[in-house]
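Okay, here's what each chain looks like letter by letter:
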Amino acid sequence: NTRKHSLGIPPPSEKDWLKEDEEDFFLLDPDRKRDVLPQPFRMISKLVMQVFESAMEIIERREVLREAQKQKVQPKKCFPTAEFQVTERANCLVVSGKYVFVGLSVGLAAFNTGDFKDVCAWDAAKTEICAIHASDLGNECHVLLAVDEMGLAWLICFHKGSFLLIKILNEVGDISQRSTCVEMVLSRGGDYAGILLQGNTKAWLEIYQLPKDSWLTVMENNSGATEELASSERRPSCLSECRTQHSSWVGTSLLQELPVSAVQADVKLDPPVLLLTVRPPKPITGTSFESPLEALKEVDDGSMLGLGYNHLIKDSQWELQEAIFRSTYQEYLEAEGVIKEEIPRYATFHFLLPSRILVGAEMKMQPDIPAGIGVHWDGNHNFCFYLLNHSLKKKADSDLKPDVVWPCAAPIACSAVSSCSRYLALAGEDATITIWDKHLGYPMSVTAILEERFIRSIHFL
């Protein structure tokens, strides 16, 4: 471009005429325009760009997560195929064979999974069932162990569409002496049942042997007699047909209108037999013997304790140790208070199949019937095994000693037994999980979880 006007400076004719230093403004970089802006405008521009970049980063991360989610296996959505109608509130349920037993706010109900129809209901006690376990005994007979809202353990038999109460395991005449059932376990096959009871100041475990063979015999004989009686009383009349139609309608209507079988009123089943009463371990205390010789006189199993003077700890030594501890840490005891050692009030127990640890190699037992139980109490380091073949001549309420004890480095928090009953998992309060081979009696693996973690439950998959 060439200038056509003279090189002289013309007089100012416009108010916004470009200055000499701005005549080359079209040569400037457009991105540098904001550099000449005042400070507030530049700061706002930086904040806007930072927000925009952060938004883009979030969008990119979400896109990556979305692509990763698409590559995962999507869970299958399952919808109910049938519906069981109940008139009361359902608290719990259990499946045994082809039946589903439901614990209601008033009594029990049984449903058939084959045709999805209700079979019968039991509300004779007018009690609320809070927990229920069941086991299939065969020949359409099932044993149920239920706990109501008052802590009573109900042992019930179900046979061909009818409930029969066998016994309330912790029922007593004096209500002040009543104990509460807080845990119950029914062995696979229905050979044994165990309940954990709590009283006012103590807790204990009761193991019962269930005479299921006699139950099956009695129920089968009574069922045959009932069928013969019903067939002999049939009359081909219109009235009987109407009654039959009415009874079939009642069988599929509301639960409180279901008929009660006559088997409940006629049959009397043998009660379960109390085998074991397991109590929590007592706190460690000193001996009342004045000398080791007095202790040796009380030993009747032929073992020797030794003749040293420091082999036994007396009560005075425990008192001296406690006095020294109190005098040393008096300020901490006054600030935090002294915690007295309490007897455990909760236990976890499992029925265990035969193994070398329980019965040994020389004893022969049926492989599918439990041979013992494994118990551990809250805050205790020991996992105790008790055999179930103890003589019934012994008093069930006597102080029973464990047959085998497995000590652990830390108090046991929870435990689990595999479905084959060979492997035992113990989780300690130090977040350590130990898998034991119960058949051989040695640990297979030890896994330490992260620190400051407390394991509340453990299961085999």
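Note that the structure is predicted; figures quoted are calculated from it, not measured. (Residues numbered from 1 in each chain as written. Predicted model: local features only at pLDDT ≥ 70, side-chain atom pairs only at ≥ 80, totals over all residues. Heavy atoms only, no water.)

## Description of the overall build of the protein
Part 1: Counting secondary structure elements, the protein contains seven helices and 20 strands.
Part 2: Here the protein, with 461 residues, has 33% of them falling under the buried criterion.
Part 3: Taking contacts inside the protein between residues at least 6 apart in sequence as the whole, the part at least 24 apart equals 52%.
Part 4: Just so you have it, the protein exposes about 31,700 Å², and 55% of that area is on carbon and sulfur atoms. (Helix = DSSP H or I, 4+ residues; strand = E, 2+ residues; numbered from the N terminus. Buried < 20%, exposed > 50% of the residue type's maximum accessible area, 1.4 Å probe, protein only. Contact = heavy atoms within 4.5 Å. Areas by Shrake-Rupley, 256 points an atom, 1.4 Å probe, with all protein chains shown as cover.)

## Digging into the pattern of salt bridges
Part 1: If you walk through the whole model with that rule in mind, you get five salt bridges.
Part 2: Here K126 makes a salt bridge to D123, at a shortest N to O gap of 3.7 Å.
Part 3: Its relative accessible area of 60% is what places K126 among the exposed residues.
Part 4: Exposure remark for D123: the relative accessible area of 26% places this residue in the partly exposed category. (Salt bridge = Lys/Arg side-chain N within 4 Å of Asp/Glu carboxyl O.)

## Concerning the state of the cysteines
Part 1: The tally for this structure, following the rule as stated, stands at zero disulfides.
Part 2: No disulfide involves C384; its nearest neighbouring cysteine sulfur is the one of C408, lying 9.8 Å away.
Part 3: For C384, a relative accessible area of 13% puts it in the buried group. (Disulfide = S-S within 2.5 Å.)

## Here's the deal with the side chain of D148
Part 1: Within the secondary structure, D148 is located in strand β6 (residues 141–148).
Part 2: One buried charged residue, D148, remains without a salt bridge, the closest side chain of opposite sign being R178 at 7.0 Å.
Part 3: At 3.1 Å, the side chain of D148 and the backbone nitrogen of G151 are in polar contact.
Part 4: Within the local environment of D148, its side chain forms a polar contact with the side chain of W154, the two groups lying 3.1 Å apart.
Part 5: The contact partners of D148, leaving out residues within four places of it in the chain, are T127, E128, I129, C130 and W154. (Lys, Arg positive; Asp, Glu negative; His and termini not counted. Polar contact = N/O pair within 3.5 Å; in protein donor to acceptor, adjacent residues only side chain to side chain.)

## Concerning the nonpolar core
As a rule of thumb, nonpolar side chains are buried together in soluble globular proteins.
Part 1: Core analysis: the biggest nonpolar cluster contains 25 residues, and L155, I195, W215 and L269 have the highest contact counts within it.
Part 2: Those elements that place two or more of their residues in this core are β6, β7 (153–159), β8 (163–168), β9 (180–186), β10 (192–198), β11 (203–209) and α2 (212–232).
Part 3: With four residues, β6 is the single largest residue contributor to this core.
Part 4: Leaving out residues up to four positions away in the same chain, L155 has contacts with V143, L144, L145, L164, L165, I166, K167, L169, L210, W215 and P272. (Core = buried A, V, L, I, M, F, W, Y, C linked by side-chain atoms within 4.5 Å.)

## Concerning the environment of L358
Part 1: You can see L358 is positioned in the loop between β13 (347–352) and β14 (372–377).
Part 2: Judged by its relative accessible area of 7%, L358 is buried.
Part 3: Through-space distance from the C-alpha of L358 to that of G441 is 9.8 Å; in sequence the pair is 83 residues apart.
Part 4: In this structure L358 touches L352, L353, G372, F385, L387 and K438, once residues within four positions along its chain are discounted.

## Some thoughts on the side chain of S415
Part 1: As for its placement among the helices and strands, S415 is situated in strand β17 (residues 412–417).
Part 2: We classify S415 as buried; its relative accessible area is 8%.
Part 3: Of note is the side chain of S415, whose polar atom sits 2.9 Å from the side chain of H376.
Part 4: When sequence neighbours within four positions are dropped, the list of residues in contact with S415 reads T348, H350, H376, F383, A425, L426 and I458.

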